[in-house]
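Remarks on the overall topology
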Amino acid sequence: MDVLVAGSHGQVGQHLTERLADGEHRVYGMVREEAQTEDVAALGAEPVVADLTESVAHAVEGCDAVVFAAGSGGEAVEAVDRDGAIRLVDAAADAGVERFVMLSSMFADQPAAAPEPLRDYLRAKAEADRYLRESDLTHTVVRPGELTNESATGRIRTAADLSQKDGDVPRADVAHTLAATLPIEATYGETFEVLSGEEPVEAALAGPLRE
């Protein structure tokens, strides 16, 4: 596939961009600033400069799939995490992109259960997730729990709702999950949560809602 990674300079995005580029995909790494292009090129992707708060139509041209791994870092949750994601969904649909994978967050559907500082972010993610699910794109929404910088394990657990279970997940394993999700039909149209677990990523994605 020709895959656009939105947020390719972010912590998850860098892992994802490098993983996809090491495979058989042609990867376009979308960044907001020209200064970030060299870093993205070093990961094996072709840099694309685009701002999620403006038109992103040029970024999706010729792509087969889009992975939204961007984030505002809490600075502009509505403009980036909600409206930016929605803008990219619309651009993908207009360009005839078939596949769209959204990096979301556990508790997006229940922000009141999360710490107060995260609630606006989670509400924004929930609205973006809902917009994607209501689109005609072949979509998947991946909602990891607490992210860590631990080394990749290649093993996860997935379910429709893991929010009552303890755990976290390395960013590298989230990136692995996002990349592996792209071609796996069992994930099409699904929204699921991810934590570290005992099952290899690809095996876990064969039946993400079985827990």
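Predicted, not measured: the structure shown is a model, and the values here were computed from it.

**Considerations on the pairing of strand S8 (residues 155-159)**
The pairing of S8 with strand S11 (residues 199-200) spans two bridges and is classified as antiparallel. Along S11, the bridge assignment pairs Arg155 with Pro200. Pairing of S8 with strand S10 (residues 190-196) involves four bridges; the strand directions are antiparallel. Across the sheet, residue Ile156 finds its bridge partner in S10, namely Ser196.

**A closer look at the UniProt feature "domain: NAD(P)-binding" (unreviewed entry) in the chain**
Here the UniProt feature "domain: NAD(P)-binding" (unreviewed entry) sits at residues 7-182. A helix fraction of 38% and a strand fraction of 21% characterise residues 7-182, whose end C-alpha atoms lie 17 Å from each other.

**Some words on the sheet that holds strand S5 (residues 99-103)**
Read from one edge of the open sheet, nine strands run S3-S2-S1-S4-S5-S6-S10-S8-S11, paired in mixed fashion. Two strands bound the open sheet, and with one partner strand each, they are strand S3 (46-49) and S11. Judged from the five bridges that link them, S5 and strand S6 (residues 138-144) form a sheet pairing that is parallel. Bridge pairing links Val101 to Thr140 in S6. In the packing of helix H1 (residues 11-22) onto the sheet, contacts are made with strand S1 (2-6), strand S2 (26-31), strand S4 (65-68) and S5, and the angle to S1 comes to roughly 170°.

Each value, and the rule that gives it
Residues numbered from 1 in each chain as written. Predicted model: local features only at pLDDT ≥ 70, side-chain atom pairs only at ≥ 80, totals over all residues. Heavy atoms only, no water. Pairing = 2+ DSSP bridges. Helix = DSSP H or I, 4+ residues; strand = E, 2+ residues; numbered from the N terminus. UniProt positions renumbered as here; feature names shortened; annotations may be inferred. Contact = heavy atoms within 4.5 Å. Axes fitted to C-alpha atoms, helices over the stretch in contact; angles between N-to-C directions.

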